[in-house]
Structure formats: C-alpha cells, structure tokens
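Coordinates in review
Residue strings, one per chain:
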Amino acid sequence: MNDTPNTPRAFLDVSESSTGRRWVGPSVEDDRLAEAMVQDTGLPLPVCRTLVRRGVPSTEAAAFLAPTLRDLMPDPRSMKDMEPAAARIVAAAQARQRIAIFADYDVDGGTSAALLIDWLRNFDLRPTLYVPDRIDEGYGPNDEAMAALAKDNDLIICVDCGTLSHGPIEAAKGADVLVLDHHLGGETLPNALAVVNPNRQDESGDLAHLCAAGVVFLALVEANRQLREAGKKTPDLMSLLDLVALGTVADVAPLVGVNRAFVRQGLTVMARRQRVGITALADVARMDTAPSSYHLGFLLGPRVNAGGRIGKADLGARLLATTDPREAQAMADRLDQLNTERRDIESAVRDMALEQIETRGKTGPLVWAAGEGWHPGVVGIVASRLKEATNRPAIVIGMDGDEGKGSGRSVTGIDLGAAIQRCAAEGLLIKGGGHKMAAGLTVARDKLDAAMERLSELLGKQGAGDIGPADLKVDGLLMPGAATVELIEQIEQAGPFGAGAAAPRFVFPDCTINFTKVVGANHLKVTFGDGISARIDAIAFGAMDGPIGPMLQGHNGARFHLAGRLEINTWQGRQSPQLRLEDAAPAS
C-alpha cells in the first residue's frame, strides 16, 4: 500500500505493516496541543496525547482525570416518559403489587433485570423474571409470554427490549407495561404506559450512548427522587453501579459522558467483591487483579452471555441477582462450562463463514454468510469477527427450515440498525431492529439473497463500500525505559477505555528482540529492548496464527518497530509494565 500525494505521511514510514496496515500518527495540530498541555499541566506527554485525542482541553484535564458521577449525571427527567415510568415503579413497590420483569437474554438485559430485582428487594418484593429462549422465542416480547405474564402480574417491566413490540404489549391485557430500552425506535411507539428510551425518534439524542442498564439506573435515580420527595427512605443506588458498568462495557456502549463515570465508579464497587454472583464469576474466570473494562468485556461478559446463547436463557440474570453464595457458585460454574462450549461452536461457524466471504468477496458494502443449523447464539460473535477481518458491516445467519435468524455488526459511521429496519419495512425481512452498531433480523429463506442485496445497497449509500483497510492509529513514540508502572497508572486515569474511547496505542521504535516463547496454543511472549539496557515484556495474542509470530520468532537479529497498548502485568504480587502487542514492522 503506497502513500499518495494527498495522504499524510505514514507514521515512521510504515505504509504496510506485517498485518498489512498503514500506521497513522497524531496530526500536527494534535502534537501541538499535546505539547502545550504538557506545559500547562505538567502531565507526561503520553497522558496529554491521550487527553488530546479524546478532545479534552488543558483547562479540563484535571476534572477529566477524576470524573465524578455527580458532575456527569444527566437529569433523568430529560428523557421522555421517565417521570410516569418511575412513578409507576414506586407505586407498585409501595403497594406491594405483583411485578414481572421481561428481560433480553444478553448481558445488558441481565444486568438491567438484576438492577430492578436488587432495588425491589429493599421493599421485600420478589418480582417474576422472564427471559425468552433465544431459539424458541427469539428477541423481545412475544404475544404468548406477555399474555401469560399479564394474568399473574399487575406490572410488567420490559428491559433492553420492547420498543418495537406493538403486538405483544397489546397482548398484555390487564397489566400495565413499562419499557426501559435503548434500541432504535420506530415511527410509532407501542401502547405501553411509558416507553423510556434515549433512542426514541422524538428524543434529542443527547443520551443515545446509554445502554439499557444505564436507562434502568436513571429510572431508579428518578424513583428514589420521588420517594425522597414523599419523605420515604430510599435504597442505596451506588452499590448497583457494578451492574451498570458490566452492562455498559459488555453491550459495547461508547465510554463517553456519564457512561465513563458509570464504568469508573462501577469498577470501584466491583473491586469490593460484595455481589456474590459477580464474585463467583470472577473466580471461575481466574481474575486475580482488580477488575478493569477489559475484564468486563472479555472475561465476565462472555460468561454471563453464555446462558442466553447456548444454555438456559435466564441463568446470567439470576446469577447477577442472587444473594446466595452457594447458588452463585453453582451458576457461575455452569456458565463457565457453557462459555467453553460456546467457544467451540463459534470456532466451527467462524471457519465456515470466513470460507463463504472469501468466495463471495469482501470488498462490497456488506459481508455476509449463512449456513444450515448455525447456532443462533454465536452468529453475533461471528459477525463481529467478520467485521474485524474486513472492516465492513457483517451479517451472519443461521438457517432453520423456511427461515433464518441472524445478527449483524457494523463499523463506525455506518448505521446498520436503520438499514435493517428499512428492509423490514419493505417486507424483505420478517422482522429486524437494533441500533447503529449491532442489529438482529429474521429472514425467509426465499428472500435471503434479495434481502442481502438490498441491505448492501442501503449500506453502500452510506459509504460502506468506500471504506479501505483499517489503518492502525497510533498516539506517538515511547522508549522501553519510559514505560513504567507509574506512567501506565496515569494513562489509565484517562480511561476507562473501550468502545468510543480506544486505549492509546504507542510505538516502540527500532527495537531488538531479546526473547520469544510460544505460550498456549498460538500466543507469543516477547521481551524486547532498545539495544542498550532497557527491556520490556510483551504478549501478542494469536500471533502464531498470523504473520507477527513467525516474523518475530525468526528475527535473526533484525530490529523492529512494535505497536500496541500498555498494561500492567501482575505476577505473584509484583507489577511490571507489559505491551499488548498488536502490530509490527521491520525497522529500515
């Protein structure tokens, strides 16, 4: 890949790395702002580069590094229907009415349900939890389940679902229905008592980054406010932030605004190990350090999800809500087992899907794959893998009889949810919905090709077909001797990092490879240095399945530029800096 006259010069002249990517460094303006911030604040340059990339001016650096929930918390009443929704929850709690919670089967649904269950426990209430089976019932409320719940309950609260469920909510005769959701709304809303959703079409969009757990938390903030105004005692909400943090990270909600405070404060709450379900899950996941957003997204989240993907749909929510340590341990063990099974199923589907897109081509606006009997519980994960491999919106569909159920993932700047809703409205899909970055669909077998062609056309109009290979964005140079535990801790203060707030990535230039070792099935442990005295360890996950591992193993004394994200490695109580190695290029 050669630079063109209109393309800024590649960082360190790396136009094509070992993984085929072009390295892009900070702009001249960002460099200038970072240097000025160093002068204004006295913060290290790597920290200032991170803040500048997040759009933080020097005058706000101190406040950004110490975010408080009080400063970032929006007024819950800024969302439509919030006051009547909270009032109905309060009334049901005080009157000890029968309450049912209808939750989605993913982590966001599970944490949302657990938030309500925990809050209602303060009123000595035990709500009915209903989580639909992914295969038998699919996503969201259905007529039969809602009608049955309405017979036995006074109030049904739909969390992380319900915004498009006009028919099922009509079927809930005799019960009030509340919707606390964040999925993209349609032109009309269902006939519920209240629909609280920052992604309703008549909302401002200011809180569109919230996941359902964030919406539920704000509803409980409003409920507490109404209780206080009535002179009543209120439940503790700060202790619930571990659930909000888990839902936010696992649902890949952007870590901006109040979401950032939710996760920061939630990680502090989680570190106290007071929620027996999360503690049991952390133990089976062998977490031996303080929790981070990485742990939530890659260790805890997938295990909570495993129940909804290939096991009992309500297992994750029940684990998060339980107060019984013995029950928590049993459920955590089962979820860990299911997660292992999920990985095996995912691997088989991923290989078949990759083969299809290689045959079909991966340069159009959409990459997609469909197969007989592909498990609905893994198609979303495989879609994520295809998106990462191609830098294109991706859809993966499991066919069963005359229908297929699929899941899609998008890339930044391309609204997949809107395109899928458009196809559903046009009759090419049986149903479909979601949000910009993730969506689900059901399609008739005889309309599969037509639906995918139409989706590709709609995404192409958004520019999806013009996206090139993903560049590797780096935040600057760093020498091995400068990568200290203290520096990494300061950089972490600009976090948490995740969706919408990528962790800073640094390049260690012109390094020698001092040691390599394959660990596990395909990971590579590396020690590298500046050729004089300073050395640092690195881990490259999956490196032996790609070009990086063999290249570094067979280095023959060559020098390399190494790019990745810094982290603190804890081993036997000792901390040391470590590079999570993502890319490499020969040093010319």
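Fair warning: this is a prediction, and the values are worked out from it, not measured in the lab.

Next up on the list: helix α7 (residues 143-152). Residues of α7 that are buried: Ala145, Met146, Leu149 and Ala150. Buried residues of α7, seen end-on, are gathered within an arc of 130° and therefore sit on one face of the element. With respect to the buried face of α7, the exposed residues turned more than 90 degrees away are Glu144, Lys151 and Asp152. Among the structural elements, β2 (99-103), β3 (128-130), β4 (155-159), α8 (166-170) and β5 (176-180) are those in contact with the buried residues of α7.

What follows deals with the pattern of salt bridges. One pass over the structure, following the stated rule, counts 34 salt bridges. Arg559 serves as the salt-bridge partner of Asp510, at 3.0 Å between the closest nitrogen and oxygen. Of this pair, Asp510 sits in strand β13 (residues 506-519) while Arg559 sits in strand β16 (residues 559-571), placing them 49 residues apart in sequence. Judged by relative accessible area, Asp510 falls into the partly exposed class, the value being 35%. Taking the relative accessible area as the measure of exposure, Arg559 reaches 30% and is therefore partly exposed.

Moving on: the nonpolar core. Counting 86 residues, the largest nonpolar core has Trp119, Ile157, Phe262 and Leu300 as the members making the most contacts within it. If we skip the residues at most four places from it in the chain, Trp119 touches Ile89, Val90, Ala93, Leu220, Ala223, Asn224, Leu227, Pro235 and Leu237. Counting residues in hydrophobic clusters, the runner-up holds 38 residues, among them Ala34, Leu478, Ala494 and Leu581.

The next point concerns the sheet that holds β4. If you trace the five strands from one edge of the open sheet to the other, you get β3-β2-β4-β5-β6, paired in parallel fashion. Pairing within the sheet leaves two strands with one partner each, and these edge strands are β3 and β6 (194-196). Adjacent strand axes in the sheet meet at a mean angle of 15°, parallel and antiparallel pairs treated alike. As paired elements, β5 and β6 share three bridges and run parallel to each other.

Our next topic: empty space enclosed by the protein. Considering all chains together, one arrives at one cavity of 30 Å³ or more under this definition. Within this model, the largest cavity holds a volume of roughly 40 Å³. As for the largest cavity, its lining consists of Asp104, Tyr105, Asp106, Gly110, Val131, Val304, Gly307, Gly308, Ala313, Gly316 and Ala317. Counting residues per element, the ones that place at least two in the lining of the largest cavity are α13 (293-310) and α14 (315-321). Among the elements that make up the lining of the largest cavity, the one with the highest residue count is α13 (three residues).

Running from amino to carboxyl end, helix α9 (residues 212-229) crosses helix α10 (residues 241-250) at an angle of 150°, the nearest separation of the two axes being 8 Å. By the angle class used here, α9 and α10 are roughly antiparallel. Taken together, the residues of α10 that come into contact with α9 (itself represented by Ala213, Gly214 and Phe217) are Leu241, Val244 and Gly247. Residue classes in the contact of α9 with α10 are distributed as four nonpolar, two polar and no charged.

For the rest of this paragraph, the subject is α13. Compared with an ideal rise of 1.5 Å per residue, which puts 18 residues at 26 Å, α13 spans 24 Å between its outermost C-alpha atoms and is within 8% of the ideal. Within α13, the axis deviates most sharply at Gly301, by approximately 40°, and proline Pro302 lies no more than four positions further along. Within α13, 15 of the 18 residues are buried, which leaves the element mostly enclosed by the surrounding structure.

Roughly 300 Å³ of internal volume is contained in the second largest pocket. Every residue lining the second largest pocket is counted, 14 residues in all, and those nearest its centre are Met73, Val221, Arg228, Leu237 and Met238. Of all the elements in the fold, those that place two or more residues in the lining of the second largest pocket are α4 (69-72) and α9. Element by element, the count of residues in the lining of the second largest pocket is highest for α9, at five residues.

It is worth spelling out the packing of helix α15 (residues 325-360) against helix α16 (residues 379-390) at this point. Running from N to C, α15 and α16 cross one another at 45°; their axes reach a closest spacing of 9 Å. Classified by the angle their axes make, α15 and α16 are oblique. Seen along the crossing, α15 lies across α16 with a hand that is right-handed. Seen from α15, the contacting residues are Arg342, Glu346, Val349, Arg350, Ala353, Leu354 and Ile357; seen from α16, they are Ile381, Val382, Arg385, Leu386 and Thr390. Looking at the contact of α15 with α16, its residues break down into seven nonpolar, one polar and four charged.

A surface patch of like charges, here negative, comprises Asp400, Asp402, Glu403 and Asp446. Among the secondary structure elements, Asp400 is positioned in strand β8 (residues 394-400). On the basis of relative accessible area, Asp400 is assigned to the exposed category, the value being 64%.

This part takes up the side chain of Arg49. Looking at where Arg49 falls in the secondary structure, it is placed in helix α2 (residues 45-53). Once residues lying within four places of it in the same chain are set aside, the contact partners of Arg49 are Pro26, Asp31, Ala34, Asp475 and Gly476.

This paragraph deals with the sheet that holds strand β9 (residues 403-409). Hydrogen bonding along the main chain pairs the strands of a sheet, whether they run parallel or antiparallel. Taken in spatial order, the five strands line up as β7-β8-β9-β11-β10 in an open sheet, and their pairing is mixed. With partners counted over all chains shown, the strands left at the sheet margins are β7 (367-372) and β10 (431-434), one partner each. Across the sheet, the mean angle separating the axes of adjacent strands is 15° when strand polarity is ignored. Bridge analysis of β10 against strand β11 (residues 438-444) gives four bridges, and the strand direction is antiparallel. Bridging across to β11, Gly434 finds its partner in Ala439. Sheet strands touched by helix α17 (residues 416-425): β8, β9, β10 and β11. Its angle to β10, the strand with the most contacts, is close to 160°.

Below, the discussion takes up the environment of Ala212. Locating Ala212 in the fold gives a position in helix α9. Using a relative accessible area of 0% as the deciding quantity, one classes Ala212 as buried. If we skip the residues at most four places from it in the chain, Ala212 touches Asp108, Ser112, Asp160, Leu180 and His182.

Across the chain, the bulk of peptide bonds are trans and the bulk of non-glycine residues have phi less than zero. In the segment running from Gly495 into Pro496, the intervening peptide bond is cis, with an omega of 5°. With a phi close to 70°, Asp81 is a non-glycine residue in the positive phi region. Following the sequence through the fold, Asp81 ends up in the loop between α4 and α5 (82-94). For Asp81, a relative accessible area of 28% gives the class partly exposed.

What counts and how
Residue numbers run consecutively from 1 along every chain, following the written order of its sequence. Restriction of local features to residues with pLDDT of at least 70 applies here, the model being predicted, together with a cutoff of 80 or more for giving and counting side-chain atom pairs; totals for whole chains, interfaces and linings are based on all residues. Side-chain numbers here rest on the full set of heavy atoms in the structure, without hydrogens or water. Here the term buried applies to any residue with accessible area under 20% of the maximum for its type, exposed to any over 50%, and partly exposed to those in between, with areas from a 1.4 Å probe on protein chains only. Secondary structure is summarised from DSSP: a helix means a run of H or I of at least four residues, a strand means a run of E of at least two, and numbering begins at the N terminus for each. By definition, the arc is the one covered by directions from the helix axis to the C-beta atoms. Here, residues are in contact when the closest pair of their heavy atoms is within 4.5 Å. Any Lys or Arg side-chain nitrogen located within 4 Å of an Asp or Glu carboxyl oxygen qualifies as a salt bridge. The term nonpolar core refers to a set of buried residues drawn from Ala, Val, Leu, Ile, Met, Phe, Trp, Tyr and Cys, joined through side-chain atoms within 4.5 Å. Note: two strands are recorded as paired if DSSP finds a minimum of 2 bridges between them. Note on definitions: angles span 0 to 180 degrees between N-to-C directions of axes, and those axes are lines fitted to C-alpha atoms, for helices only across the stretch in contact. Put simply, the grid is 1 Å and covers the protein atoms alone, a cavity is a trapped set of points that fit a 1.4 Å probe, a pocket is an open set with protein on both sides within 12 Å along at least five of seven lines, and lining residues have an atom within 4 Å of a point. Grid points are joined across faces, edges and corners, and a volume is the space filled by probe spheres set on the points. Throughout, the term roughly parallel applies to angles under 35 degrees, roughly antiparallel to angles over 145, roughly perpendicular to angles from 65 to 115, and oblique to all others. Charged means Asp, Glu, Lys or Arg here, nonpolar means Ala, Val, Leu, Ile, Met, Phe, Trp, Tyr, Cys or Pro, and polar covers whatever is left, Gly included. One less than the residue count of a helix, multiplied by 1.5 Å, gives the span that helix is expected to have. Fitting one axis to the seven residues ending at a residue and another to the seven starting there, the bend at that residue is the angle between the two axes. With the far helix as reference, a near helix turned anticlockwise by less than a right angle produces a left-handed crossing, and one turned clockwise produces a right-handed crossing. Patch criteria: residues need more than 30% relative accessible area and no salt bridge. Like-charged residues are merged within 9 Å; nonpolar side chains of Val, Leu, Ile, Met, Phe, Trp and Tyr are merged within 5 Å. To be clear on the numbers: accessible area is Shrake-Rupley with a 1.4 Å probe, and residue cover counts the displayed protein chains and nothing else. We count Lys and Arg on the positive side and Asp and Glu on the negative side, and we leave His and both chain ends out. One atom stands in for each charge, and that atom is NZ of Lys, CZ of Arg, CG of Asp or CD of Glu.

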